[in-house]
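Observations on the three-dimensional arrangement
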Amino acid sequence: MLAGPSRVRLFGELDLRERMMLLERQTQLDRLDGLLADAGRGRGCVAVLAGEAGAGKTALVEAFIDRTAQATRIFRSACEDLSVPDPLGPLYDLARDAQWALPQAIDYRQGQRLPLFSDALDIFETKAQPTLLVIEDLHWADDATLDFVRFLGRRIANRHLLLLLTARTDRSEGQMRVRRALGEIPAGSVARLDVPLLSDAVLARAERLSAGARAMLDAVSVFPRRADAWALQGLCGVASAGQLAECVANGLLEDLGDGYAFRHEIARRAIEAMLTTSHRRQFNQRALAALLENSEVSTGRLVHHAVEAHNLQAVRELAPVAAREASRVGAHRDAAGFYEAVLRQAVSLPVEERTALHEKYAFECHLIGKIDEAIAAQDQARRLHQAQGNTAKEGDCLRWLSRFAYLLGDRMAADALGEQAVQLLETAPAGPELAMAYSNLSQLAMLAERLDDTLRLGNKAIALAEQLNRPDIVCHALNNVGSAEQWLDLANGRLHLARSLEIALEQNFQEHAARAFTNSACSEMNQLGFAEARSFLDRGINYCVENDLVTWRDYMRGVLAQLLLRQGQWEEAAGEALEVIANDQATMLVRYPAVVALAKLRIRRGDPSAEPLFAEMTKFLDKGLELQRLAPYAALMAERAWLGQADKDEALGLIALAESLSTTRAVFGELATWRQKLAPDMDPGDTVGMAAPYRLLLAGDWRAAAELWAEMNAPYERGLALAEGDETAQRLALEIFESLGARPVAVHLRDIMRRNGVNGIARGPRRTTRANRAGLTQRQMEVLQLIERGFSNKRIAEHLTISPKTVDHHVSAVLGKLDAVSRGEATAAARDSGLI
């Protein structure tokens with residue numbers, strides 16, 4: 001008699017709790033209603049529900065779905081806490097709801113994600129009514145899913161779509177990856193909604209379950225996100241229905257119709273953590289057996305349960321398949337994770353199979369910036385090939401190790417390993433390994449500005465590769481040849497680089513394509529073709545984002561930061577550079593362009609935090625002296641010396657060293673102009689081949705040089721040229737430097753003008769005047785408003801979904817632009833001028 005009323009009271013309590021939850025979440029629900037209404041008018045958005053584990057994000061999603069279901073197309077998915085994430089798992093869920101055959105679509109698009117994601121956008125959107133796409137638990141997302149989110153986010157502004165995401169606010173690696181992904185979406189297309197933690201006593205109810213229901217709860221706990229009903233029946237038999245109903249009645253599980261899930265992930269984790277090792281393995285083995293009966297279950301899910309069950313045979317069979325599937329769709333981080341899982345159990349595998357796994361793991365690791373792991377795996381493969389007497393494969397491993405050493409910043413090791421590879425391979429019949437080894441040496445020669453060696457070795461590689469019908473090697477070698485020819489025959493160099501890129505895109509050679517984008521952009525930067533360089537960088541970065549090519553993406557973002565700096569977009573330059581530098585996985589080689597850009601910016605703004613950047617560059621140069629690395633360092637040291645911040649003789653020595661490494665005068669233009677500033681009486685030498693602004697300035701025609709820089713939209717360089725001119729020109733240069741916030745440069749120019757007898761030089765605007773025309777960017781205004789509200793840097797980062805290092809820079813920039821030494825002084829200046 002007591003059971004009935006007791007159960008009625010329990011349901012009543014749950015209903016009351018849910019009503020209280022809705023009351024507490026009314027603000028978020030109202031905001032979501034508004035965003036969905038905007039989507040219905042063709043103004044789409046990415047909405048992010050961010051909160052701690054167990055805060056009730058899922059309950060909020062469900063409440064929102066309940067109130068919008070009648071007038072909205074809704075497709076719902078979630079990421080799972082698998083040992084290695086399932087590539088594009090959420091997209092498979094969304095496709096299933098939309099009755100879209102995703103596996104066939106992937107085959108049709110040959111695994112290329114950009115056209116696949118475009119198809120998805122067309123499938124999900126309709127102008128007749130808004131579409132709500134839900135992806136929960138994005139902190140567990142695989143890289144391919146994050147790329148899908150980036151893709152939608154960059155295109156959603158004019159769509160009838162609302163993409164609703166949930167993510168945790170912890171400092172986990174997954175959350176940092178989410179933050180970086182969202183940071184690559186235009187700020188106006190992202191709305192963040194904080195979900196504060198709610199009190200939840202659901203875990204205590206587990207103790208009230210019957211023994212059978214508690215065992216069922218334990219079984220469900222090994223399924224991340226949800227357990228399919230058919231899988232549970234196969235796992236626990238027909239009796240499972242009553243036990244599941246008891247778990248649902250006690251508020252621990254939710255009945256999804258075709259499956260069951262914990263109401264809160266934190267509860268699932270707590271129940272799973274209470275399992276003994278043997279029970280956890282047993283439940284996962286039974287789950288694996290049940291899932292294997294369904295051919296539609298993704299291989300990634302199977303690997304998760306195989307790993308958790310400690311089923312070594314299943315891991316060996318399934319993980320390589322999952323890795324290939326992940327790599328095919330560009331989820332290289334996930335592919336590396338699957339290969340890592342199988343390699344932990346690979347001792348008993350045949351040596352040929354084990355060797356291949358090490359090589360594939362090394363390849364995936366190097367694409368995602370894990371170079372140390374790539375080197376260890378590749379060297380293990382080399383030793384195995386050597387033991388088998390396979391000279392061709394051993395030589396190929398040496399060539400790969402040469403490449404990895406270069407990516408790690410060890411030029412000397414890269415040269416030595418590259419030479420060893422060729423020497424070994426030339427003792428065997430000529431094959432593709434030798435052709436690629438020649439191309440590797442050609443690449444190393446190109447990077448060291450040894451132009452003749454680049455062309456000789458590159459053409460040798462092309463001839464052998466064409467004989468062997470290996471377009472991938474032809475593509476690689478053409479890139480080397482074209483990059484070198486920029487200094488010898490620019491038109492021919494552009495032609496070869498374009499052909500390399502064309503082959504890479506046609507054949508889906510992803511890394512070769514990324515390298516072609518990179519070198520094409522850098523070539524245009526060297527020629528001061530900023531518009532062309534920007535086109536290559538935008539296309540290349542998008543390509544790398546969509547294909548999970550982290551190393552190349554970050555390198556190009558550093559080059560983009562340098563370009564933005566040239567064009568006076570200093571805040572945007574800092575943002576790009578900081579995002580790269582904040583990636584702890586990036587090697588020094590990958591970071592170098594971003595470090596150079598940020599160091600230049602901080603020198604010009606008088607920021608003392610430039611010193612650690614110089615220390616990092618110096619350490620990198622110690623591992624191998626290349627002109628392309630030395631030249632920007634020497635230019636920076638020369639600029640510091642000109643500003644009185646470094647020793648002039650040391651700077652001139654670095655310029656002389658760079659000049660000795662320059663095989664053509666065309667490379668030396670910028671450094672020659674800095675030497676002229678430091679030592680005006682020195683002969684500039686031969687200027688043939690140098691870019692026009694440098695050549696004109698060295699010839700004393702500062703006016704024509706300044707005009708060219710103005711046409712290129714390079715204000716700082718224009719200011720430097722004008723500073724060489726008459727009083728009128730110098731006053732204009734002073735205005736340019738002030739507008740850019742280059743205060744140390746402006747101070748130095750005033751000193752030069754005073755020494756030359758110029759009178760009536762403006763001292764620079766007062767603090768309140770600076771605030772009125774501070775030139776704060778939209779993001780800096782947002783940061784300033786949060787500073788005024790008393791937010792810490794950490795809280796600002798969470799609120800704006802950007803990294804703490806980026807916030808540090810924005811705060812520094814705000815203080816600098818407002819001529820303030822503290823947050824309080826900045827706030828006061830902003831109030832005085834009406835900014836806030």
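Computed from a prediction, not measured in an experiment: that's the story for all the values here.

1. Regarding the packing of helix H2 (residues 26-40) against helix H3 (residues 57-68)
One way to put it is that H2 packs onto H3 with a least axis distance of 10 Å and a crossing angle of 50°. Put simply, H2 runs oblique to H3. Between H2 and H3 the crossing geometry is right-handed. Counting all contacts with H2, which are made through Gln26, Gln28, Leu29, Asp30, Leu32, Asp33 and Leu36, the residues of H3 involved are Leu60, Ala63, Phe64, Arg67 and Thr68. Looking at the contact of H2 with H3, its residues break down into 6 nonpolar, 3 polar and 3 charged.

2. Topic: the pattern of salt bridges
Under the definition given, this model contains 57 salt bridges. Here Glu125 makes a salt bridge to Arg159, at a shortest N to O gap of 2.7 Å. Of this pair, Glu125 sits in the loop between helix H6 (113-124) and strand E3 (131-136) while Arg159 is found in the loop between helix H7 (143-155) and strand E4 (161-168), placing the two residues 34 residues apart along the sequence. Take Arg159: its relative accessible area is 24%, and that puts it in the partly exposed class. With its nearest N and O atoms 3.0 Å apart, the salt bridge here joins Asp396 to Arg399. Highlighted residues: Asp396 and Arg399, both in helix H19 (residues 391-407), separated by 3 residues, approximately one helical turn. One exposure class covers both Asp396 and Arg399, and it is buried. Counted as one network, the salt bridges with shared partners bring together Glu80, Asp93, Arg96, Arg225, Arg226, Asp228, Asp258 and Arg301.

3. Side note on helix H35 (residues 702-711)
Among all positions in H35, only Trp702, Ala704, Ala705, Ala706 and Trp709 are buried. Positive backbone phi, approximately 60°, marks Asn713, located one or two places after H35.

4. Comments concerning the pairing of E3
A regular strand places its side chains so that they alternate between the two faces of the sheet. Counting buried positions along E3 gives 6 out of 6 residues, so the element sits mostly inside the fold. Of the strand pairs in this sheet, strand E2 (residues 73-78) and E3 are connected by 6 bridges, and their pairing is parallel. Bridge assignment links Arg76 to a residue of E3, and that residue is Val134. Where E3 and E4 come together, 5 bridges link them in parallel fashion. In the sheet register, Ile135 faces E4, and the bridge partner there is Leu165.

5. What about the sheet that holds strand E8 (residues 259-262)?
Taken in spatial order, the 3 strands of this open sheet run E6-E8-E7, and their pairing is antiparallel. Where the open sheet ends on each side, the last strands, each with one partner, are strand E6 (227-228) and strand E7 (253-255). Where E7 lies against E8, 3 bridges are found, and the strand directions are antiparallel. Along E8, the bridge assignment pairs Leu253 with Phe262.

6. A few points about helix H32 (residues 648-661)
In a regular helix each residue adds 1.5 Å, so 14 residues correspond to 20 Å; H32 covers 20 Å between its end C-alpha atoms and thus fits that length. Among all positions of H32, only Ala651, Leu652, Leu654, Ile655 and Ala658 are buried. Within H32, the buried residues cover an arc of 155° as seen down the axis, which keeps them to one side. Opposite its buried face, H32 presents the exposed residues Asp649 and Ser660, each directed more than 90 degrees away. Looking at the packing, one finds that the buried side of H32 touches helix H31 (627-642) and helix H33 (669-678). For H32, the N-terminal cap is Asp647; the gap from its side-chain oxygen to the backbone nitrogen of Asp649 is 3.2 Å.

7. Remarks on the packing of aromatic side chains
Each aromatic ring pair is characterised by the separation of its centres together with the angle its planes make. Under the definition given, this model contains 13 aromatic pairs. Aromatic pair Phe517 and Tyr543: ring centres 5.8 Å apart, planes at 50°, arrangement tilted. With Phe517 in helix H25 (residues 510-526) and Tyr543 in helix H26 (residues 530-546), this pair connects stretches of sequence that are 26 residues apart. A relative accessible area of 13% places Tyr543 in the buried class. A ring pair is formed by Tyr716 and Phe737, whose centres lie 5.4 Å apart and whose planes are at 55°; its orientation type is tilted. On the criterion of sequence distance, the pair formed by Tyr716 in helix H36 (residues 715-722) and Phe737 in helix H37 (residues 727-740) is long-range, its members being 21 residues apart. Note on accessibility: Tyr716 and Phe737 belong to one class, buried.

8. Let's talk about the side chain of Thr299
Topologically, Thr299 is positioned in helix H14 (residues 299-308). A residue is classified by how much of its surface remains accessible, and Thr299, at 11% relative accessible area, is buried. Engagement of the side chain of Thr299 in a polar contact is seen with the side chain of Glu325, the distance being 3.1 Å. Apart from the residues within four sequence positions on either side, Thr299 is in contact with Leu318, Val321, Ala322 and Glu325.

9. Points about the sheet that holds strand E5 (residues 190-194)
Pairing is parallel in the open sheet, where 5 strands are placed in the order E2-E3-E4-E1-E5. Two strands lie at the open edges of the sheet, namely E2 and E5, each paired on one side alone. Pairwise comparison of adjacent strand axes, ignoring direction, gives a mean angle of 15° for this sheet. Each of strand E1 (45-51), E4 and E5 is contacted by helix H8 (residues 173-183), which is oriented at about 150° to E4, the strand it contacts most.

10. A few points about the confidence of the model for the protein chain
The predicted model of the protein chain has a mean per-residue pLDDT of 87, with 94% of residues at 70 or higher. For the stretch residues 1-17, pLDDT sits under 50, and the model shows 8 contacts to residues farther than four places along the chain or on other chains. This model gives residues 766-772 a pLDDT under 50, and the stretch forms 16 contacts once residues within four places in sequence are excluded.

11. Looking at the environment of Ala465
Structurally, the position occupied by Ala465 is in helix H22 (residues 451-467). With relative accessibility at 0%, the residue Ala465 sits in the buried group. For the pair formed by Ala465 and Cys475, sequence separation is 10 residues and the distance between their alpha carbons is 9.5 Å. Those residues in contact with Ala465 that lie beyond four places of it in its chain are Ala435, Arg470, Ile473 and Val474.

Calculation rules
Counting restarts for each chain: residues are numbered from 1 in the order of the written sequence. Only residues with pLDDT of at least 70 get local features here, since the model is predicted, and only at 80 or more are side-chain atom pairs given and counted; chain-wide, interface and lining totals rely on the full set of residues. Only hydrogens and water are set aside; all other atoms, that is, all heavy atoms of the structure, feed into the side-chain values. Here an axis means a line fitted to C-alpha atoms, over the contact stretch when the element is a helix, while the angle between two N-to-C directions is reported on a 0 to 180 degree scale. Every helix listed is a DSSP run of H or I at least four residues long, and every strand listed is a run of E at least two residues long, numbered separately from the N terminus. An angle counts as roughly parallel when it lies under 35 degrees, as roughly antiparallel when it exceeds 145, as roughly perpendicular when it falls between 65 and 115, and as oblique in every other case. Crossing chirality is assigned from the near helix's rotation relative to the far helix, an anticlockwise turn below a right angle marking it left-handed and a clockwise turn marking it right-handed. Whether two residues are in contact is decided by their heavy atoms: any pair within 4.5 Å suffices. In the scheme used here, Gly and all other residues not listed as nonpolar or charged are polar, with Ala, Val, Leu, Ile, Met, Phe, Trp, Tyr, Cys and Pro taken as nonpolar and Asp, Glu, Lys and Arg as charged. A pair is scored as a salt bridge if a Lys or Arg side-chain nitrogen falls within 4 Å of a carboxyl oxygen belonging to Asp or Glu. Buried residues are those whose accessible area, probed at 1.4 Å on protein chains only, stays under 20% of the maximum for their type, while exposed residues exceed 50% and partly exposed ones sit between those limits. Only strands that DSSP links by at least two bridges are regarded as paired with each other. For a helix, the expected span equals 1.5 Å multiplied by the residue count minus one. Directions pointing from the helix axis toward each C-beta atom define the arc. As used in this structure description, the phrase polar contact means that two N or O atoms lie within 3.5 Å; if the pair is within protein, one of them must be able to donate a hydrogen and the other to accept it, and residues adjacent in sequence are counted only when both atoms belong to side chains. Two rings from Phe, Tyr or Trp (for Trp, the six-membered ring) form a pair when their centres sit within 6.5 Å of each other. Planes less than 30 degrees apart are called stacked, planes more than 60 degrees apart edge-to-face, and all others tilted. Confidence of the prediction at every residue is given by pLDDT, a number between 0 and 100.

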